[in-house]
Amino acid sequence: MSSNTKGRTTIDVGADGVAVITIINPPVNSLALDVLYSLKENYEQALRRDDVKAIVVTGANGKFSGGFDISAFGKLQGGTVESPKPGFISVEILTDTVEAARKPSVAAIDGLALGGGLEVAMACHARISTPNAQLGLPELQLGVLPGFGGTQRLPRLVGLAKSLEMILTSKPVKGEEAVNLGLVDAVVPSNQLLGTARKWALDILECRKPWVASLHKTDKIEPLGEAREIFKFARVQTRKQAPNLQHLLVVIDVIEEGIVSGPLAGLWKEAEAFQALLHSDTCKALVNVFFAQRATTKVPGVTDLGLKPRRIKKVAILGGGLMGSGIATALLRSGYPVILKEVNDKFLQAGLGRVKANLQSSVKKGKMSQEKFEKTLSLLKGALDYEGFRDVDMVIEAVIENVSLKQQVFADLEKYCPSHCILASNTSTIDLNLIGEKTKSQDRIIGAHFFSPAHVMPLLEIVRTQKTSPQIIVDLLDVGKKIKKTPVVVGNCTGFAVNRMFFPYTQAALLLVERGADVFRIDRIITKFGMPMGPFRLCDLVGFGVAIATGGQFVMNFPERTYKSMLIPLMQEDKRAGETTRKGFYVYDDRRKASPDPEIKKYIEKAREMSGVTIDHKMAKLSDKDIIEMIFFPVVNEACRVLAEGIAVKSSDLDISAIMGMGFPPYRGGIIFWADTLGSKYICSRLDEWSRMYGDFFKPCSYLAERAAKGAPLSLTTDPAKSRL
Ligand code: NAI
């Protein structure tokens, strides 16, 4: 339902004189501006009416409120909404109308009270919640700060240190914890929620319970000296952990203003800061990510056909290695019975052991109870043959990356699995048509490309061929959702979307190094840009064997735009294969701590000789910006090819693929979003310049060149009719 047209609140006055105001805006009762105005109107009615003694605020359908309506962000940023200042509106509604009311109000919280939802609740004079309700202020994840008084009320309810933790980490607390913190006043089961809240409101009126205006509470706030130390520590930690995120420091300033100059000064500063952050690049980027992530499950020509996902009751996995065991873990955790097949008992036991260890690690981290662990593990069966495959609904193949082995495996699967069974492969690079060549079941063949570690990484690249049936895609999308992955549907080609973008990333880094740039400087700059690690540290982590195997596929399929470097093969020849051998570009100590290894110089010199290139003295003078662009513009170029070929249906899917598959910083909005902030013209001209200097590796593709010539953005929703999917 569009919150702009249908979001509202209702008022219902009971015989006890309590008016229940209910927020209604499915699915999460988000607070669009019209909902807030409706809340104000109903409050004013309740305050006017003689038959109303007290007020309870709640949300429809078991959810208090998921917070401010994010779909309004775009309109607010564009300035097309009549009243563009939510922060100031909140002072008017929550502080002046709700908190300063002559009648007490109590928030009855079930389900969730997040962001603006919790801020409404905190403006009430008491809060009652259910034990599992989630309460939190996650606004920083969208590049803004809590703009409805949350920066001022939360510290006064739970103390400075805890409020900073809750706001800076965006992590919600459950009702049980909230009551201990003082964020809620009582926790009751759902069926007692409204009754308790009504009674509580009347008790406040009769002075049997305290009438508390959160904004003016002082007992939880640390003394000023201590508060200053807390702020100092928070700033140091934030600068260290999130050096590129200015809004985290802004929120600390805003909270501090309230402590030093009083809550009203804090509220005004909060309103101003919200308004400024709303227009920041970070906020626009994070809002793009929010919507891009939700859009991944909308696949034109597939999800609009009205197909319902079939129930997957049992899954088989081939290969209990690194990926197979991770995939099994992810499926088991969501309650799918799994058969894990291996080639011999030794490998099978090793695979089963890996799954068990993954699950045990969840128990150690407190994410799974011992009882749940045992129940989950009982869903796992090992196998050395295909007998148990006769009633499986889905198979995910994760054997080694070898075409003929995979072809044989799929031919076997066709023989043993039922005719409705989904036949999925976790291949990283191999063309699915080739894998299915020896079967007649191409309509059931699909890629289910997980990322390592498969039970942790959030992305699932779903690869369809021209023959894959829409039903199979819909089924896999549903499984992806159930195992809590973000699925992105892409077309079939070498490397699909993520590895195609990854490849030029490593190649560009190798090209720069062979021409004289420093390996460790590149890694430092790329990490500072926001990647979890630089390209060379990443090569060490994935292992040179994998890098060479995937790289080989690209060299074979795209020779015209491949930079052929011998650096990694040379190092591997010398038994330097990355972190597992304790030596790669870095050396690793017993605790796997990486230190730059000066010895790599000799391999670089040799590789340079073999490539026939000489040191380019300009390399030493490259700025950080030049290095970032020389590494990422080839990625943008490849992303453009992926889009133009229809491998990705929409550019927002590539934004998500880059963020979740490559570790591209979300606060830059994704690869295409980021590129558009720089402009296609600029990117194209730089690529042109480098291609003249360093060859075709940098040559802008025709899509990029065309967009640049028109001065048009790169973002695009591909016409499904033209899609190769
Ligand atoms: P791995 O070498 O750790 O595991 C492969 C396992 O398959 C081995 O234990 C092997 O005994 C088993 N196997 C071989 N033939 C089999 C058969 N006929 N039946 C049952 N099991 C069989 O390899 P890894 O890394 O798990 O990769 C598996 C697949 O996943 C490959 O296609 C790879 O390209 C892909 N992949 C790998 C990623 C990675 O980071 N390692 C990431 C994404 C995909």
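Just so it is clear, the model here is predicted, and its values are computed rather than measured. (Residues numbered from 1 in each chain as written. Predicted model: local features only at pLDDT ≥ 70, side-chain atom pairs only at ≥ 80, totals over all residues.)

### Considerations on the overall build of the protein chain
Note the threshold: We count a stretch as a helix when DSSP gives it H or I for four or more residues in a row; a strand needs E for two or more, and each element gets its number in order from the N terminus. What the globule rule says is 2.2 Å times the number of residues to the power 0.38, and the radius of gyration is computed from C-alpha atoms. Residue burial here comes from a neighbour count, namely the number of other C-beta atoms, placed from the backbone, that lie within 10 Å of the residue's own C-beta, with 20 or more meaning buried, 12 or fewer meaning exposed, and in between meaning partly exposed. Residues are treated as contacting if the C-beta atoms built from their backbones sit within 7 Å of each other.
Scanning the protein chain from N- to C-terminus turns up 30 helices and 19 strands. The C-alpha atoms of the protein chain give a radius of gyration of 28 Å, which matches the 27 Å a tight globule of 725 residues would have. In terms of overall dimensions, the protein chain has C-alpha extents of about 85 × 65 × 55 Å along its principal axes. A buried classification covers 49% of the 725 residues belonging to the protein chain. Taking the contacts inside the protein chain whose residues are at least 6 apart along the sequence as the reference set, 74% of them involve residues at least 24 apart.

### Quick look at the site of the ligand
Worth spelling out the cut-off: Whether a residue is near a molecule or strand depends on its C-beta atom, generated from backbone atoms, being within 6 Å of that molecule or strand. Ten residue types, Ala, Val, Leu, Ile, Met, Phe, Trp, Tyr, Cys and Pro, are classed as nonpolar, four, Asp, Glu, Lys and Arg, as charged, and the remainder, Gly among them, as polar.
With respect to spatial proximity, 25 residues lie near the ligand, and among them Gly 319, Gly 321, Met 323, Glu 401 and Ser 452 are the closest. Elements that contribute at least two residues to the shell around the ligand include exactly helix H14 (322-333) and helix H17 (403-416). The element best represented in the shell around the ligand is H14, accounting for three residues. Tallied by class, residues from the shell around the ligand come to 14 nonpolar, eight polar and three charged.

### With respect to the environment of Asp 281
By secondary structure assignment, the location of Asp 281 is in helix H13 (residues 281-295). Given 14 C-beta atoms within a 10 Å radius, Asp 281 is considered partly exposed.

### So, the domain arrangement of the protein chain
The cut-off we apply is this: Domain start and end points were adopted from an automatic or database domain assignment.
Taken domain by domain, the protein chain comprises domain 1 (8-279), domain 2 (315-492) and domain 3 (498-710). Each of domain 2 and domain 3 was reduced to a C-alpha centroid, and the two centroids are 30 Å apart. Taken together, the twelve residues of domain 2 in the interface contact 14 residues of domain 3. Of all the elements in the fold, those that place two or more residues in the side of domain 2 that touches domain 3 are strand E16 (459-464) and strand E17 (486-491). The element best represented in the side of domain 2 that touches domain 3 is E17, accounting for five residues.

### Looking at the environment of Ala 424
With respect to the helices and strands, Ala 424 occurs in strand E14 (residues 422-425). A tally of 28 C-beta atoms within 10 Å means that Ala 424 is categorised as buried. On a C-alpha basis, the gap between Ala 424 and Asn 42 in space is 54 Å, while along the polypeptide they are 382 residues apart. Not counting the four nearest positions on each side in its chain, Ala 424 is found in contact with Met 394, Val 395, Ile 396, Glu 397, Ile 446, Gly 447, Ala 448 and Leu 476.

### Re the confidence of the model for the protein chain
Do not read the predicted coordinates in detail wherever pLDDT is low. Let me state the cut-off plainly: The pLDDT value tells you how sure the predictor is about a given residue, anywhere from 0 up to 100.
Confidence along the protein chain averages 94 in pLDDT terms, with 97% of residues attaining 70 or more. Within the model, pLDDT remains below 50 along residues 1-5, and this stretch shows eleven contacts once partners closer than five positions in the same chain are excluded. Across the assembled chains, the prediction reports ipTM 0.98 with pTM 0.91.

### Some words on the sheet that holds strand E12 (residues 380-383)
Cut-off, in case you're wondering: DSSP calls a pair of strands paired once it identifies at least 2 bridges connecting them. Only the stretch in contact is used when fitting a helix axis, every axis being a line fitted to C-alpha atoms; angles between N-to-C directions are given from 0 to 180 degrees.
The strand order across the open sheet formed by eight strands is E12-E11-E10-E13-E14-E15-E16-E17, and the pairing between neighbours is mixed. Edge positions in the sheet fall to E12 and E17, since each has one partner strand and no second. Between one strand axis and the next, the sheet turns through 25° on average, direction left out of account. Relative to E12, strand E11 (residues 338-341) is paired through four bridges, and the arrangement is parallel. Counterpart to Ile 339 in the pairing with E12 is Lys 381. Along the sheet, helix H15 (residues 345-364) contacts E11 and E12; its crossing angle with E12, the most-contacted strand, is approximately 165°.

### Regarding the pairing of strand E1 (residues 8-13)
Of the strand pairs in this sheet, E1 and strand E2 (residues 18-24) are connected by six bridges, and their pairing is antiparallel. Counted as the bridge partner of Thr 10 is Thr 22 from E2. If you look at the hairpin formed by E1 and E2, you'll find four residues sitting between the two strands, and Gly 17 has a positive phi there, around 85°.

### Considering the packing of H13 against helix H27 (residues 651-662)
Two packed helices can be described by the angle between their axes and the distance between those axes. Applied cut-off: In what follows, roughly perpendicular refers to angles from 65 to 115 degrees, roughly parallel to angles under 35, roughly antiparallel to angles over 145, and oblique to any angle outside these ranges.
Remark: H13 packs on H27, axes separated minimally by 9 Å, with the N-to-C direction vectors making an angle of 105°. The orientation of H13 relative to H27 falls into the category roughly perpendicular. Of H27, the residues touching H13 (which contributes Asn 288, Val 289, Ala 292, Gln 293 and Ala 295) are Ser 652, Asp 655, Ile 656 and Ile 659. Of the residues that constitute the contact of H13 with H27, the class distribution is five nonpolar, three polar and one charged.

### Points about the sheet that holds strand E8 (residues 173-174)
Strand order in the open sheet formed by three strands is E5-E7-E8, and the pairing between neighbours is mixed. Two strands in the sheet have a free side with no partner beyond their single neighbour: strand E5 (112-114) and E8. When strand E7 (residues 134-136) meets E8, the two strands line up antiparallel, connected through two bridges. For Leu 135, the partnering residue across the bridge sits in E8 and is Val 173. On top of the sheet, helix H5 (residues 116-123) reaches E5 and E7; it is set at about 95° to E5, its chief contact.

### Considering helix H29 (residues 680-694)
The test is simple: Each residue after the first adds 1.5 Å to the expected span of a helix. This arc corresponds to the set of directions leading from the helix axis out to the C-beta atoms.
Between its terminal C-alpha atoms H29 stretches 20 Å, which fits the 21 Å expected from 15 residues at 1.5 Å a residue. Residues Ser 680, Ile 683, Cys 684, Leu 687 and Trp 690 constitute the buried set of H29. The buried side chains of H29 occupy one side of the element, clustering within an arc of 130° when seen end-on. In H29, the exposed positions that point more than 90 degrees away from the buried face belong to Ser 685, Glu 689, Arg 692 and Met 693.

### Some remarks on the nonpolar core
Rules: Here, a nonpolar core means buried Ala, Val, Leu, Ile, Met, Phe, Trp, Tyr and Cys residues linked by C-beta atoms lying within 7 Å of one another.
Within the largest apolar cluster, 214 residues are counted, with the highest numbers of intra-cluster contacts made by Val 395 and Ile 671. Filtering out sequence-adjacent residues up to four positions away, Val 395 remains in contact with Ala 316, Leu 318, Phe 389, Leu 413, Cys 417, Cys 421, Leu 423 and Ala 424.

### A closer look at the packing of helix H20 (residues 498-514) against helix H26 (residues 624-644)
The condition is simple: Rotating anticlockwise by less than a right angle from the far helix to the near helix defines a left-handed crossing, while the corresponding clockwise rotation defines a right-handed one.
Between H20 and H26, the shortest axis-to-axis distance is 8 Å and the interhelical angle comes to 150°. The angle between H20 and H26 places the two elements in the roughly antiparallel class. Handedness of the crossing formed by H20 with H26: right-handed. Where H20 approaches H26, its residues Arg 500, Met 501, Pro 504, Tyr 505, Ala 508, Ala 509 and Leu 512 are matched on the opposing element by Met 630, Ile 631, Pro 634, Val 635, Asn 637, Glu 638, Ala 639 and Val 642.

### Comments concerning helix H6 (residues 150-158)
Helical periodicity: at 3.6 residues per turn, an α-helix aligns residues three or four positions apart in one direction. Most of H6 is tucked away: nine of the nine residues are buried. All buried positions along H6 are accounted for by Gly 150, Thr 151, Gln 152, Arg 153, Leu 154, Pro 155, Arg 156, Leu 157 and Val 158. Phi for Gly 159, located one or two positions after H6, is positive at around 95°.

### A short note on the pairing of strand E6 (residues 126-129)
Burial along E6 is two-sided: the face carrying Ala 126 and Ile 128 and the face carrying Arg 127 and Ser 129 are both buried. Where strand E4 (residues 105-109) and E6 come together, four bridges link them in parallel fashion. Across the sheet, residue Ala 107 finds its bridge partner in E6, namely Arg 127. The sheet contact formed by E6 and strand E9 (residues 186-187) spans two bridges and is parallel. Each residue of the ladder has a partner; that of Ile 128, found in E9, is Ala 186.

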